[in-house]
Amino acid sequence: MKIQRSIITLLIVALTLPMAAQQLQSPDGHFQLRVEVKDGKPYYELGYKGQSVIEPSSLGLDLYNDEHNLLNGFDISYTETSTFDDTWEPVWGEYKQIRNHYNEMAVTLNQAEANRYIVIRFRLFNDGLGFRYEFPKQPNLNYMVVKEEHTQFALTGDHTAFWIAGDYDTQEYDYTESKLSEIRGLMDGAITDNASQTPISETAVQTALMMKTDKGLYVNLHEAALIDYSCMHLELDDENFVFQSVLTPDAQGKKGYLLAPYTSPWRTVIVSDNAADILQSTLTLNLNEPCKIDDASWIKPVKYMGVWWEMITGKSSWAYTDVPSVKLGHFDYSEAEPNGKHAANNEKVKRYIDFASEHGFDQLLVEGWNIGWEDWFGKSKDYVFDFVTPYPDFDVDMLNEYAQSKGIKLMMHHETSGSVRNYERHLDTAYQFMADYGYNSVKSGYVGDMIPRGEHHYGQWCVNHYQYALEKAAEYKIMVNAHEAVRPTGVCRTYPNLIGNESARGTEYEAFGGNKPFHTTVLPFTRLIGGPMDYTPGIFEMDISKLNPDNNSWVNSTIARQLALYVTMYSPLQMAADLPEHYSRFMDAFQFIKDVAIDWDDTRVLAAEPGDYITYARKEKGTNNWFVGTTVDEDGYTSKLNFDFLDKGKKYVATIYADAPDAHYRNNAQAYEIRKGLVTRKSKLKQKCAPGGGYAISVIEVTDKAQTKGLKKL
C-alpha cells in the first residue's frame, strides 16, 4: 500500500560536447557519488561522511560477437537527476511501513562509433547506493549475449571480510573472517563438501559480502532484484583490493541472454559507521518493484513443525523401502518390503499433528511422503518424483482430514533433486494437487546437480525457473519456501508469496558436523541482507548421537541461543525444528517458541558487531508486545540492554530466557534459567551470555493488574 509519494525532476542536461564528472548526494548529504568517463570508459566512485568507500571503479559489459562491446568508446550525452520519496506497507516484514527515499541520477552513455547508447541509473539512499545497467530499444542494440559483466568495486584497503567461497552451485559453506589479502591462502580450507558445487577461483567470494575497514566503516556489497539474469559473484584482485563481478555461466559458458529493452539487477553498496545500520537497511527491498499480486490477503506468516529433523540426523529415512533403484510407473510399492525407518507414516504424522495443534502451531511439514526417495540423489535421474503419489503408509485423505480437525494445515514438500525440467513438467499438476487438498505452502528443494545437465543453480536459466515456479504458485495461491535456490535479492517485495529461502548453511548442518559458533552472528549481515531465511532453529538436544548412534555431530549452541534465533534470524516462516519428545523435556523453555511473534510492526538493532554478537528487539504486529534476542560467538558476551524502545508510561512483564552461569555450547548447552520481572522504558538489564549462547526475552504489555502479581522490577 502506498502512503506517500513524491517525485521531483531536478535537472536535465543535454550537451554535444563531453561532459564533466557528474555528482549526486544522498538525501541526508552523507553520501557523495561521482560519475565520469575517462578515455571512453565509465567510472563511478562513492564517499561517505568525507571518507572514500569505493574508489574510481569501471563499469561495462563484454558481449559475444560484438565488434565494439559495452566497455569503452563512450561519452556522456546527458544526465537526468530526480528525487523520490515514498512510504509503502509490506504484506509481511520487519516494519509496518518502509520509507523509500533516494536521489537518482540516470547517466546516458553514447557509443558514437557503434551508433548506440546505454543508461546507467544510480540511486543514492541514506543507507547506500544502488546502480544498474539499462538497454533501451534501438536499432543497433537489440539481442545481446553476455560474455562477462565488468562491474568493479575498488576498495580503499585491506578490509576485514566475512566471506564464503564463490561458487556457481552452493552457498552452504561456513563463513570465514579474514583480511581480504588472506582470502587466497584460506580458500582451500573454506571449500567443504556439498551435494553440488562449482568453486570459481582462489579469490572469488559470494554476496552479500560484509566488510569492516580499519577506520571503522561497515561496507556491504550485494545485488537487488535478480530477475532474468545470472547471479553475481565477486573476484578479488588482492594486490589492489578491487572486486570485479563474475556472472554465473550456463552450460555453454555464456553469462546471459538479453533482449532490449532490458534492465539488469541492481548492484548495491550499503555503508555505515554503525554495524546496526547495516542490519536495518531497507535498500535491497526498496530497489525491487512493488507487489505485483493484486490481492495478497491469502499470504500469511507461518509458524510450523516438521517430520524432518529425525531424517536429517539419520534417526529415520525419507525412503519407504531399501531397494537400490526404482523406475516410476514400473515399480510396485505395494509389493515392496518396508524398511521400518520411514518417518512419513500415518501414525507418526498424527502424533506430530497432535503436538503441533496442542501448542498452537499453524502447519506441519512432512518430508518423504511421496514415492521416489529410494534413489533420489546423485544418479542424474530425470524422472525422479511425480509430486502427487504417496507411499503406501501415507494416507493423504485421512491425514488432511485429521490435520484440519486439529486446526493444522499440512505443508507440502517438493524435492526436485535438481531435475528442474521434470519439476516444470509436473508443476501445474503438483500445485493443483495442493489446492485440492488444502495445502497453501510448499517447501521446494534443489539438491544435487541440475538437469538440464550443465546448468548451474545460480545461472540465468535456473534463476528464471525459480521465478516461474514462484509466479505459477501465486496463481494457485501458494506460498513458496525454496531451498538450495539462488540467494534472495529482495524479490519478496514484488512477490510476497516467497515467504522463505534457505540459500545458506542452515541448522541442518548442525547434524552434518556442526556450524561454527559465530555463524548466526554473521548471517544477518550477509545472507539476510537479501531477504528472510528458513534457518529452522529450535534444537534442544545438542548431542546428535542420542538420536542416531552413528552420528557424532554436536549442535554448537545453547538452548537460550536457540530461542534467541527466532528474533535474530528474521523470517515470516519459523520452524520449531526439533522432535516433540525433546520439547516435552523443556516445556518452560519451549514456551518462548510458542509465544514469539513471526510478523512485526517495528524492528530495532540494539547492539551489533559482525562475527561477535547481535541484539534485536522487535514489536509484534498489531500489539504493544516486544521480543528481544541476542546471539553471540564462541567467546561469550555481556549484554547491556536498555529498554528505551518501550512506550512511555506503560509497564511490561519481561520473561527472560538466559544461559545459566555455567552454560557453554560444548559442555553445558542445556543449562538455562528463566526469570520474570516488571520493566518500563527506563529499565536496564545486564545479562551474561555463555560462549555460543545468548538470551531471549518476551516483553508483554501489562493490561491487567493480575499480570503483575508477585513480580518485582528488574
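Residues numbered from 1 in each chain as written. Predicted model: local features only at pLDDT ≥ 70, side-chain atom pairs only at ≥ 80, totals over all residues. Heavy atoms only, no water.

Draft legend 1. Representation of the overall build of the chain within the structure. Across its full length, the chain holds 12 helices and 37 strands. For the chain, whose C-alpha radius of gyration is 26 Å, the value lies close to the compact-globule estimate of 27 Å for 714 residues. When its C-alpha atoms are laid out on the principal axes, the chain stretches across 75 × 70 × 50 Å. In the chain, the proportion of contacts linking residues at least 24 apart, taken out of those at least 6 apart, comes to 72%. Accessible surface for the chain amounts to roughly 26,200 Å². Of this, 46% is attributable to carbon and sulfur atoms. Placing the 69 positive and 97 negative side-chain charges of the chain at their respective mean positions leaves the two points 8 Å apart. (Helix = DSSP H or I, 4+ residues; strand = E, 2+ residues; numbered from the N terminus. Rg over C-alpha atoms; globule rule 2.2 N^0.38 Å. Contact = heavy atoms within 4.5 Å. Areas by Shrake-Rupley, 256 points an atom, 1.4 Å probe, with all protein chains shown as cover. Lys, Arg positive; Asp, Glu negative; His and termini not counted. Charge placed at Lys NZ, Arg CZ, Asp CG, Glu CD.)

Draft legend 2. A look at unusual backbone geometry. Of note, the bond from Thr207 into Ala208 is cis; its omega dihedral lies within 30 degrees of zero at 0°. Mapped onto the elements, Ala208 comes out in the loop between β15 (204-206) and β16 (209-212). With an omega dihedral of 0°, the bond running from Ala260 to Pro261 counts as a cis peptide bond. By secondary structure assignment, the location of Pro261 is in the loop between β20 (256-259) and β21 (262-263). Phi angles above zero are rare outside glycine, and Asp228 is one such case at about 55°. Structurally, Asp228 is set in the loop between β17 (218-224) and β18 (232-237). Phi is positive for Ser380, which is not a glycine, with a value near 50°.

Draft legend 3. How the structure looks around the nonpolar core. Judged by nonpolar contacts, the single largest core of 202 residues is most densely connected at Tyr44, Phe122, Phe135, Phe243, Val269, Trp309 and Tyr431. Each residue touching Trp309, except ones within four places of it in the same chain, is listed here: Thr507, Glu508, Glu510, Ala511, Ile539, Ile544, Leu547, Val555, Ala577, Asp578 and Leu579. (Core = buried A, V, L, I, M, F, W, Y, C linked by side-chain atoms within 4.5 Å. Buried < 20%, exposed > 50% of the residue type's maximum accessible area, 1.4 Å probe, protein only.)

Draft legend 4. Representation of the sheet that holds strand β30 (residues 600-609) in the model. A sheet is described by the order of its strands in space; here six strands give the open sequence β30-β31-β32-β37-β34-β35, paired in antiparallel fashion. Whereas interior strands pair on both sides, the edge strands pair on one side only; in this sheet they are β30 and β35 (672-679). Averaged over all pairs of adjacent strands, the angle between strand axes in this sheet comes to 15°, irrespective of strand direction. Note: strand β32 (residues 626-632) against strand β37 (residues 694-701), six bridges, orientation antiparallel. Paired with Thr631 across the bridge in β37 is Gly694. Sitting on the sheet, helix α10 (residues 559-568) touches β31 (613-620), β32, β34 (652-659), β35 and β37, and the angle it makes with β32 is about 120°. (Pairing = 2+ DSSP bridges. Axes fitted to C-alpha atoms, helices over the stretch in contact; angles between N-to-C directions.)

Draft legend 5. Highlighting the pattern of salt bridges. If you walk through the whole model with that rule in mind, you get 33 salt bridges. Here Asp214 ties to Lys179 by a salt bridge, and the two come within 2.9 Å at their closest N and O atoms. In this pair, Asp214 sits in the loop between β16 and β17 while Lys179 sits in strand β14 (residues 176-179), placing the two residues 35 residues apart along the sequence. On the basis of relative accessible area, Lys179 is assigned to the partly exposed category, the value being 24%. Beyond isolated ion pairs, a larger network of salt bridges with shared partners links Glu104, Arg121, Arg123, Arg132 and Glu134. (Salt bridge = Lys/Arg side-chain N within 4 Å of Asp/Glu carboxyl O.)

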